Amino acid sequence: MEIEYKETKDFTEKEIEELFLSVGWLSGKYPERLIKALKSSSCVVTAWDGGKLVGLVRALDDGEMVAFLHYLLVRPEYQGNGIAARLIGIMKEKYKDYLYLNIMPDEKQNVPFYQRLGFTLLENGAAMQIRHL
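As the structure is a prediction and not an experimental result, all values here were calculated from the model.

(A) Representation of the overall build of the protein within the structure. The helix and strand tally for the protein stands at four helices and five strands. Counting from the amino terminus, helix and strand elements in the protein follow one another as β-α-α-β-β-β-α-β-α. Relative to the globule expectation of 14 Å for 133 residues, the C-alpha radius of gyration of the protein, 15 Å, shows essentially globular dimensions. Structurally, the protein occupies a C-alpha span of about 40 × 35 × 30 Å along its principal axes. Per-residue burial for the protein yields a buried fraction of 35% across its 133 residues. For the protein, the proportion of contacts with a sequence separation of at least 24, taken over those separated by at least 6, is 60%.

See the structure below:
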């Protein structure tokens, strides 16, 4: 399997919808909004198996000091092949000169994965959210 990584936003709404729904993410049910959000993001890195979108990570940044990684996902049938780690690695390199590269895992079970990639838990931090659904 030869995975190609691209820092472009040349995906379609249907490709994005299928990727997000493949992992059961609610945002996949809003493909029109999702595609607009991704196209407006600071950076999106995608993983492709031929013409099939199999993974994605996006960043929101302030252009100088802080970048937030949001949406790291890989199709279930491609998980376990290092794709997510490679996507994070590309982002770490891109944002290496920023003071902070932050990520907020939605599930505590994913914390060890991010720790293996160099992220640390904030000593006194707590993730917070307002959900408008």
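(B) Focus on the pattern of salt bridges. According to the stated counting rule, one finds five salt bridges in the structure shown. We note a salt bridge from Glu18 to Arg75, for which the minimum N-O separation is 3.8 Å. Note that Glu18 is positioned in helix H1 (residues 13-22) and Arg75 in the loop between strand E4 (66-74) and helix H3 (83-94), a separation of 57 residues in sequence. As a salt-bridge pair, Lys96 and Glu93 come within 2.7 Å of each other at their nearest N and O atoms. Residue Lys96 is classed as exposed on the basis of its relative accessible area, which comes to 52%.

(C) Spotlight on the sheet that holds strand E3 (residues 52-61). The five strands are arranged E1-E2-E3-E4-E5 in an open sheet whose pairing can be described as mixed. In this open sheet, the two strands that pair with only one neighbour each are strand E1 (3-6) and strand E5 (100-103). In this sheet, adjacent strand axes meet at a mean angle of 20 degrees when their direction is disregarded. Lying on the sheet, H1 is in contact with strand E2 (43-49), E3 and E4; it crosses E3 at an angle near 90 degrees. Running over the sheet, helix H2 (residues 31-39) touches E2, E3 and E4 and is turned about 60 degrees from E3.

(D) Local environment of the packing of H1 against H2. At a minimum axis distance of 9 Å, the contact between H1 and H2 shows a crossing angle of 105 degrees. Judged by the angle between their axes, H1 and H2 are roughly perpendicular. Residues Glu13, Ile16, Glu17 and Phe20 of H1 form the contact with H2, whose own contacting residues are Pro31, Glu32, Leu34, Ile35 and Leu38. Partitioning the contact of H1 with H2 into residue classes produces six nonpolar, no polar and three charged.

(E) Seen up close, the packing of aromatic side chains. The full count for this structure, using the stated rule, is six aromatic pairs. Judged by centre distance (6.0 Å) and plane angle (90 degrees), the ring pair of Tyr114 and Phe119 falls under edge-to-face. Sitting above the plane of the Tyr5 ring, Arg86 keeps its charged end 5.6 Å from the centroid. Of note, Lys94 hangs over the ring of Tyr95, and the distance from its end group to the ring centre comes to 5.9 Å.

(F) Focus on H2. Among all positions in H2, only Pro31, Leu34, Ile35 and Leu38 are buried. Considered in projection along H2, the buried side chains sweep an arc of 95 degrees and stay on one side of the axis. In H2, the exposed positions that point more than 90 degrees away from the buried face belong to Glu32, Arg33 and Lys36.

Reading the values: rules and limits
Residues numbered from 1 in each chain as written. Predicted model: local features only at pLDDT ≥ 70, side-chain atom pairs only at ≥ 80, totals over all residues. Heavy atoms only, no water. Helix = DSSP H or I, 4+ residues; strand = E, 2+ residues; numbered from the N terminus. Rg over C-alpha atoms; globule rule 2.2 N^0.38 Å. Buried < 20%, exposed > 50% of the residue type's maximum accessible area, 1.4 Å probe, protein only. Contact = heavy atoms within 4.5 Å. Salt bridge = Lys/Arg side-chain N within 4 Å of Asp/Glu carboxyl O. Pairing = 2+ DSSP bridges. Axes fitted to C-alpha atoms, helices over the stretch in contact; angles between N-to-C directions. Parallel < 35°, antiparallel > 145°, perpendicular 65-115°, else oblique. Nonpolar A, V, L, I, M, F, W, Y, C, P; charged D, E, K, R; others polar. Phe/Tyr/Trp six-rings, centres within 6.5 Å; stacked < 30°, edge-to-face > 60°. Lys NZ or Arg CZ within 6 Å of the ring centre and 35° of its normal. Arc of directions from axis to C-beta.

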